[in-house]
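A look at the structure
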Amino acid sequence: RGYTLRGKSGSIQYVGVTNNPRRRAAEHRKLGRTGKLKVESGHTSRAAALRWERRRLAAYRRTHSGKNPYMNKTRNGGWRY
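Residues numbered from 1 in each chain as written. Predicted model: local features only at pLDDT ≥ 70, side-chain atom pairs only at ≥ 80, totals over all residues. Heavy atoms only, no water.

**A closer look at the overall build of the protein chain**
Within the protein chain, the regular secondary structure consists of 2 helices and 3 strands. When the helices and strands of the protein chain are read in sequence order from the N terminus, they spell out β-β-α-β-α. The C-alpha radius of gyration of the protein chain comes to 12 Å, within 12% of the 12 Å expected for a compact globule of 81 residues. Reported as C-alpha extents along the three principal axes, the dimensions of the protein chain are approximately 30 × 30 × 25 Å. Split into buried and exposed, the 81 residues of the protein chain put 40% on the buried side. Summarising the internal contacts of the protein chain: among those between residues at least 6 apart in sequence, 50% fall at separations of at least 24. (Helix = DSSP H or I, 4+ residues; strand = E, 2+ residues; numbered from the N terminus. Rg over C-alpha atoms; globule rule 2.2 N^0.38 Å. Buried < 20%, exposed > 50% of the residue type's maximum accessible area, 1.4 Å probe, protein only. Contact = heavy atoms within 4.5 Å.)

Given below as structure tokens:
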């Protein structure tokens, strides 16, 4: 499933993919990332979910000076360490 992590103002902080939104929300909290995790797509395959993630990040970059959400490190939405 594709999801966004949104701040209090509703702005997107992170775009990602998970098969377990509850666990992923807990992982974000453990990393100190506050916000509300919102599942935005219910894809049945990982490949479809990853395509959604790439398209969602590309759309975000088009409206934000070519930059990803500040918690996404790589251009394709890869992990931030």
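Read on for the rest.
**Topic: helix α1 (residues 21-30)**
Because each turn of an α-helix spans 3.6 residues, side chains separated by three or four positions in sequence point in the same direction. For α1, the set of buried residues is Pro 21, Arg 24, Ala 25 and His 28. Considered in projection along α1, the buried side chains sweep an arc of 105° and stay on one side of the axis. Opposite the buried face of α1, at more than 90 degrees from it, the exposed residues are Arg 22, Arg 29 and Lys 30. Packing partners of the buried residues in α1 comprise β1 (2-6), β2 (12-17) and β3 (36-41). Positive backbone phi, at 85°, marks Gly 32, one or two positions downstream of α1. (Arc of directions from axis to C-beta.)

**Focus on the pattern of salt bridges**
Scanning all chains against the criterion turns up 3 salt bridges. Note that Glu 40 and Arg 6 form a salt bridge whose closest N and O atoms lie 3.1 Å from each other. With Glu 40 in strand β3 and Arg 6 in strand β1, this pair connects stretches of sequence that are 34 residues apart. A relative accessible area of 23% places Arg 6 in the partly exposed class. A salt bridge links Glu 27 to Arg 23, with the nearest nitrogen and oxygen atoms 2.8 Å apart. Remark: Arg 23 and Glu 27 occur in helix α1; sequence separation between them is 4 residues, near one turn of the helix. Residue classification places Glu 27 among the partly exposed positions, given a relative accessible area of 27%. Using a relative accessible area of 36% as the deciding quantity, one classes Arg 23 as partly exposed. Here the residues in one salt-bridge network are Arg 23, Arg 24 and Glu 27, joined through shared partners. (Salt bridge = Lys/Arg side-chain N within 4 Å of Asp/Glu carboxyl O.)

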